[in-house]
Amino acid sequence: MKIKEVKELETKDLVEKLENAQAALDTLKLNHQVSPLENPSQIKAARRDIARMKTELRSRELNK
């Protein structure tokens, strides 16, 4: 997910996507511990997407 896409989302949609992304990251990590993922860079990409979403939420919070 690109930063431009994140900025276009409404706050409630962004919070919902963030929760879903965090759940997906937990699932990826668990699956990776049980049996190695074919593409472990998915974990890195998921973490970065979560960070982008959290950063945007924080900037919106500060700009109120």
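All values reported here derive from a predicted model rather than from experimental measurement.

Thresholds applied
Residues numbered from 1 in each chain as written. Predicted model: local features only at pLDDT ≥ 70, side-chain atom pairs only at ≥ 80, totals over all residues. Heavy atoms only, no water. Salt bridge = Lys/Arg side-chain N within 4 Å of Asp/Glu carboxyl O. Helix = DSSP H or I, 4+ residues; strand = E, 2+ residues; numbered from the N terminus. Buried < 20%, exposed > 50% of the residue type's maximum accessible area, 1.4 Å probe, protein only. Polar contact = N/O pair within 3.5 Å; in protein donor to acceptor, adjacent residues only side chain to side chain.

Novice: I would appreciate a short explanation of the pattern of salt bridges in the present structure.
Specialist: Pairing is possible between side chains of opposite charge, provided their charged atoms come close. Per the stated rule, a full pass over the model turns up three salt bridges. Where E56 meets R60, a salt bridge forms, and the shortest distance between an N and an O atom there is 2.9 Å. Linking E56 with R60, this pair stays in helix α3 (residues 41–62), spanning four residues, or about one helical turn. Residue R58 is joined to E61 by a salt bridge in which the shortest nitrogen-to-oxygen separation is 2.5 Å. With R58 and E61 both in helix α3, this residue pair falls three residues apart, about one helical turn.

Novice: What's the story with the side chain of D49 in this structure? I'm lost.
Specialist: By the secondary structure assignment, D49 is in helix α3. Its relative accessible area of 19% is what places D49 among the buried residues. A polar contact of 3.3 Å, which involves the side chain of D49, links it to the backbone nitrogen of M1. Here R52 takes part through its side chain, which lies 2.8 Å from a polar atom of the side chain of D49.

Honestly, it's all geometry; don't read function into it.
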